[in-house]
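# Examining the three-dimensional arrangement
For reference, the chains in residue letters:
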Amino acid sequence: RHAGGGCTAEGFKARTFASRPQPSLLEDAATLAMERFDEQEAARIAEEEAKRGMVDEDGFVMVGSGGRKGRTEDESTGTTVGAASFRATSLGGILARKRAKEKIIKNFYSFQRRQAKQEQLAQLRKKFEEDKERIAKFRAQRKFRPY
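The structure contained in this document is the topic of the report that follows. (Residues numbered from 1 in each chain as written. Predicted model: local features only at pLDDT ≥ 70, side-chain atom pairs only at ≥ 80, totals over all residues. Heavy atoms only, no water.)

With that settled, consider the overall build of the chain. Per the secondary structure count, the chain includes four helices and two strands. Written out in order from the N terminus, the α and β elements of the chain read α-α-β-β-α-α. Within the chain, contacts between residues separated by at least 24 positions form 0% of all contacts whose residues are at least 6 apart in sequence. Of the roughly 14,400 Å² of accessible surface on the chain, a fraction of 56% belongs to carbon and sulfur atoms. (Helix = DSSP H or I, 4+ residues; strand = E, 2+ residues; numbered from the N terminus. Contact = heavy atoms within 4.5 Å. Areas by Shrake-Rupley, 256 points an atom, 1.4 Å probe, with all protein chains shown as cover.)

A few words now on a nonpolar patch on the surface. Where nonpolar side chains cluster on the molecular surface, the patch consists of Ile 105, Phe 108, Tyr 109 and Phe 111 and spans about 460 Å² of accessible area. Along the chain, the position of Tyr 109 falls in the loop between helix H3 (90-102) and helix H4 (110-141). Overall, the relative accessible area of 49% leaves Tyr 109 in the partly exposed class. (Patch = residues over 30% accessible without salt bridge, like charges linked within 9 Å, V, L, I, M, F, W, Y side chains within 5 Å. Salt bridge = Lys/Arg side-chain N within 4 Å of Asp/Glu carboxyl O. Buried < 20%, exposed > 50% of the residue type's maximum accessible area, 1.4 Å probe, protein only.)

Tallied over the full model, the rule gives five salt bridges. Of the charged contacts in the structure, one is a salt bridge between Glu 41 and Arg 44, with a shortest N-O distance of 2.4 Å. Of this pair, Glu 41 and Arg 44 are both found in helix H2 (residues 23-51), three residues apart, which corresponds to roughly one turn of the helix. Here the residues in one salt-bridge network are Glu 41, Arg 44 and Glu 48, joined through shared partners.

In this section: H2. Helical geometry note: an α-helix holds 3.6 residues per turn, so side chains three or four residues apart project in the same direction. For H2, with 29 residues, the first-to-last C-alpha span of 42 Å sits near the 42 Å given by 1.5 Å per residue. Gly 53 occupies a position one or two residues after H2 and carries a positive phi of about 85°. (Expected span 1.5 Å × (residues − 1).)

According to the stated counting rule, one finds two aromatic pairs in the structure shown. With 5.0 Å between their ring centres and 85° between their planes, Phe 108 and Tyr 109 make a pair best called edge-to-face. Centre to centre, the rings of Tyr 109 and Phe 111 are 6.0 Å apart; their planes meet at 20°, and the pair counts as stacked. Overall, Phe 111 belongs to the partly exposed group, its relative accessible area being 42%. Ring pairs connect the aromatic residues Phe 108, Tyr 109 and Phe 111, which therefore count as one cluster. (Phe/Tyr/Trp six-rings, centres within 6.5 Å; stacked < 30°, edge-to-face > 60°.)

Spelled out as C-alpha cells, the structure:
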C-alpha cells in the first residue's frame, strides 16, 4: 500500500519536485520571454517615432506624447530645437522653490493641531484681558470712547 511513495513524506516530496520545473529551465524561459518583450517594445517605439511628424492621407500630422517641452524642427537646418521650459528660467525656479516651501504641512499631527488651537485661544484670552484692562482704565478717566 505504501510502496511507490504514495502517502509517505518521500512520495509527497517526489511528487512536489516532479510537478515544478527546474530553476535553471525556469530562469531560461523568463530570460527568453523578457528578451522577446524588449524586442517588441523597441519595435513599437521605433514605429511610433517613425509615425510622429508624418502627415497621413487626410492631411493630419501624427503627434505623440513627447513631454511638456515643445519641440520645433528648423526646416532650413533640419535640427530639432527644444523650447525653454518655464522652470528653466530664473523666475520659474524661484516660484517652484516658493511653492515647495508652501507645501510643507504645518500641524501634521493631531497633537500639533491641538497645541496650535490652545496657543491661539491663550493669545485671544490674553488680548481680551488687555482690552478689558484698557477699557477699565478709560472708564476710570471718564474718557471712554469705544468708537
